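# An overview of the molecular structure
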Amino acid sequence: MIRKSFLAVIGVVTLLFVAGVWLLDDIVVAGMVEKTIEAMTDGPTTLRGLDLAPTDMRVTWGSLSIQDPDKPWLNMVQTGSADFDVKGMQLFAKKLVVNRMALRDISLGRLRPGQGIPEPGKEPPSLRPRKKVEEDKPESGGGFLSLENLKGTLPKVDLTGKAKKEMNLDQVLKPDQMKSVQAVNRTSAMAEERSAYWEKRLASSTLEQDIAAIQRDSKKIKMGGYANALEAAQALEELNKLNQRISKANAEYQEIQQGIDRDNKAIQKSYAEAQALVEQDVAAAKSLAGVGGLNPKEASSMLFGPMVIGQFQQVMGYLQMARKGISGSGEPKPQGLALRQGQWISFPVTSRVYPRFLVERIDLGGNLIDTYGNPTMTLKGTFTGLSSDARLYGKPALLNAEALEVNGGTGRYVVTGRFDHLHDVSVDTLDIKGTGLRWDDIQISRDSEGTWPKTMSTRKGATTVHFVLKDSEMDGTLTMEAHDPQFIFSGNPRTESQRAMQQMFQDFGTLSLTARLRGSLQAPRMDVSSNLDKALSSQISKLVGKQQKDAEDRVRKGVTGQFSKSQDQARQKMDQSRQKLNGRMNAMKQPLDSVSGEVNKAKAEAERKAKKEAEDKLKKEAGKQLQNLMPR
Amino acid sequence: MLILLKSLAKVLKVLKDGATPNQIAGGVALGFVLGMTPGWPLQMLLILFITLLLNVNLTMAGVATLLGATMGLLLDPLINMFGRILLQDLTAFKGLYTAMYNNPFLMLTRFNNTVVMGSLVVSLLLAAPVFFLSRRGVVVYRKKYLPKMDKFKVIQLLKGSKLYGLYVRLDRMGVMK
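Here the structure is a predicted model, which means the values were calculated and not measured.

## A word on the overall build of chain A
Each helix and strand in chain A was counted, giving twelve helices and 17 strands. The burial tally for chain A puts 41% of its 632 residues in the buried class.

Structure representation (structure tokens):
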């Protein structure tokens, strides 16, 4: 009943399988690890010297390198040996779960073997990124791009004054682009529109005719010299009727006049606002003409801005790498609706569910290695909760590390990080504190004329970085302190201004710099300040002071001239239409007031006459009644 | 076309005298179970192992796999519904399902898929009837219909065709083996 030949075949297959596992397990696991890391970082990953012991699922490797997808001549991360155990049962669910890993020797941004550093913009074609970074996506590259763009917005100062001398005001002052002129034009248009409105309102109203009719009808009524009470009473009746018409006309007149007054006030206010925009136009024109006066606050941005941006870019690079790896919850499994696909039914989860990739704890050790492979610092620390699905894992990833300078140096870095992706809005925080640092040749500018320092060095530096990335909003602060900094210039001073500038830098004692980077990844804002600000800006002012003032005066004169011209034209037009309207209103007001006065006077006289006659009559009647009552 | 013809000839040969009725019926029953369940969950590897281990007819197992797959496709809505009832409505099994669901190795059986569960149970329930019906069918075929096979018009047409002639010639030359 049993196929004996098949049993033999099964025996052979089983032997081959065991031999295959024994020989190929390392390749399979290495491939799995490489694939997982590549998916997390986008960087081509190479794992060397991997050895898996299938009996206890213990893994060791010799080295791991993750190539930088943006700079293929560098390894984004390179590590030395590692030792860890894999949860074998989870491999059935295609999950790589590591309880504890010991990792030695880490280098960030190390040069790949056999590759020189290419000139900027001249990357070897063979080293192009394997996977194109989607630069438009804010979560992948938006931050870097935006920071790169920030460099273009840093303030610049032209010490040669060449730009100011060649300044062409006609190109800079374009009236249709000036905010103040635009505001005057808008106000003028508004004045015209309101004037036309009131003209139309008066044209459609019967007020002028009503006043003429009142004037005409008033002449038909006797306005005084009443002979008797009857005549006075009759006149009073007509005067009351006329008075009602006068009140109605007066109310309409007042309504129109108040409306006109309101509009005039608004127009005056608008003109005043336009005046205030002149300063903005002057500033814009100065900027266009390259006559930007250097605000003391901008001095550090100008000089240290590119270096600070570089530092922030580095911090953000690692934050974004962490963010890419530690993603939120995975996509829900799609429910199959096609034939033979069925539906997946879920049951209560009683055992621990692991994410696709999890390393619960990494013990960091060994050294930090520099770009050229030399150990610079000893490293000690932990990284916990590195997972592909933080929500499923339930804890944020935490980094705590300390690095101490080797070879008797005093440098010390303390790094703490918290990568919280448990909620819809992920919050990544990184703090770095460095003390006793030695900085050699930190690049500051690319100046080749000897005006600005090219590099800075110090034997005693300190730095702190606090960076928070909340969803796509960032807030980072960087401080640097350099004692007795040495500023290196590209050459000896050739002009007086260069000599003064170099002297100022040579005499400087301690440089304290603070930079803050805020805003969204797409539109970051950066402020840089240092204790060099005041000295630097006053030095620059001294050097470019007169040229600066002349150029500023020219720009100011040009802008105010354009503004005054357009304002005069607008005012002239507005005055004309206002005069016309006022004339029309006055033409109505005069007869209305005059008739109203006459009517009121006549009314008073008629009332007086009627009252006196009534009193006399009453007295007479009362006397008669009294006589009748007396006994005869 | 030649492959189809060869398969048909092989089936007819098996039905004629190539294997015992039990071997044929065993192959059909196991092939039917294999065909009914989509994909290759863990339990299907076990069924395949049993099929290869037991001395059942593999030609008929292959044919039954195709028939089982066709039947599974046609009955998919019913199987899907049945699977959902088994997984969701049988509360007595909830503990078992939960234990299996939490075991990564047993999850390789893909038992929590309605079609996998439905088709597995349906095919296992039908395996015994399929076995007995097939065995009976083979016996009846050999006794009643085999002697008259050559008289069937379809067979005559088939044997008279050029394609069949070509097949026979190639078979004699050993090309078809």
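From this point, the narrative continues.
## As for the packing of aromatic side chains
Scanning all chains against the criterion turns up 14 aromatic pairs over all chains. Judged by centre distance (5.9 Å) and plane angle (65°), the ring pair of A:F489 and A:F505 falls under edge-to-face. Placement of A:F489 in the loop between β15 (486-488) and α11 (496-506) and of A:F505 in helix α11 is noted, with a sequence separation of 16 residues between them. For the pair formed by A:F489 and A:F505, the shared burial category is buried. Put simply, the rings of A:F347, B:F93, B:Y97, B:Y101 and B:F111 touch in pairs and so form one group of aromatic residues. The cationic tip of A:R194 hangs over the ring face of A:Y197; the distance from NZ or CZ to the ring centre is 4.5 Å. Stacked on the ring of A:Y271, the Lys or Arg A:R571 has its end atom at 4.7 Å from the ring centre.

## Considerations on the interface of chain A and chain B
At the junction of the two partners, chain A supplies 23 residues and chain B supplies 35 residues. Taking both sides of the interface into account, the surface hidden between chain A and chain B amounts to around 2700 Å²; carbon and sulfur atoms contribute 62%. Together, A:R3, A:R340 and A:F347 form the three largest contributors to the area buried by chain A at its contact with chain B, with a combined 33%. Summed over the shared surface of chain A and chain B, the result is zero salt bridges. Put simply, chain A and chain B have 15 residue pairs in polar contact (both at pLDDT 80 or more) between them. For the side of chain A that touches chain B, the secondary structure elements donating two or more residues are α1 (4-41) and α2 (88-91) of chain A. Within the side of chain A that touches chain B, the residues separate by chemical class into 14 nonpolar, seven polar and two charged.

## As for the pairing of strand β6 (residues 82-86) of chain A
All names here are of chain A. Burial of β6 is one-sided: the residues A82, F84 and V86 facing one way are buried, the residues D83 and D85 facing the other way are not. Across four bridges, strand β3 (residues 58-61) lies against β6 in antiparallel orientation. Paired with V59 across the bridge in β6 is F84. Sheet topology places β6 next to strand β7 (residues 96-111); four bridges connect them, and they run antiparallel. Considered in β7, the bridge of D83 is made with A102.

## Considering helix α6 (residues 94-101) of chain B
Residues and elements named next belong to chain B. Listing the buried residues of α6 in full gives Y97, T98 and M100. The arc enclosing the buried residues of α6, seen along the axis, measures out at 165°, which places them on a common side. On its buried side, α6 packs onto α5 (76-89) and α7 (114-145).

## Some details on the side chain of B:N112
Looking at where B:N112 falls in the secondary structure, it is placed in the loop between α6 and α7. With sequence-adjacent residues up to four places away left out, B:N112 is seen in contact with A:Q343, A:W344, A:I345, A:F347, B:L87, B:Y101 and B:M107.

What counts, and where the lines are drawn
- Residues numbered from 1 in each chain as written.
- Chains lettered and ligands numbered in written order.
- Predicted model: local features only at pLDDT ≥ 70, side-chain atom pairs only at ≥ 80, totals over all residues.
- Heavy atoms only, no water.
- Helix = DSSP H or I, 4+ residues; strand = E, 2+ residues; numbered from the N terminus.
- Buried < 20%, exposed > 50% of the residue type's maximum accessible area, 1.4 Å probe, protein only.
- Phe/Tyr/Trp six-rings, centres within 6.5 Å; stacked < 30°, edge-to-face > 60°.
- Lys NZ or Arg CZ within 6 Å of the ring centre and 35° of its normal.
- Contact = heavy atoms within 4.5 Å.
- Buried area = accessible area lost by both parts, 1.4 Å probe.
- Salt bridge = Lys/Arg side-chain N within 4 Å of Asp/Glu carboxyl O.
- Polar contact = N/O pair within 3.5 Å; in protein donor to acceptor, adjacent residues only side chain to side chain.
- Nonpolar A, V, L, I, M, F, W, Y, C, P; charged D, E, K, R; others polar.
- Pairing = 2+ DSSP bridges.
- Arc of directions from axis to C-beta.

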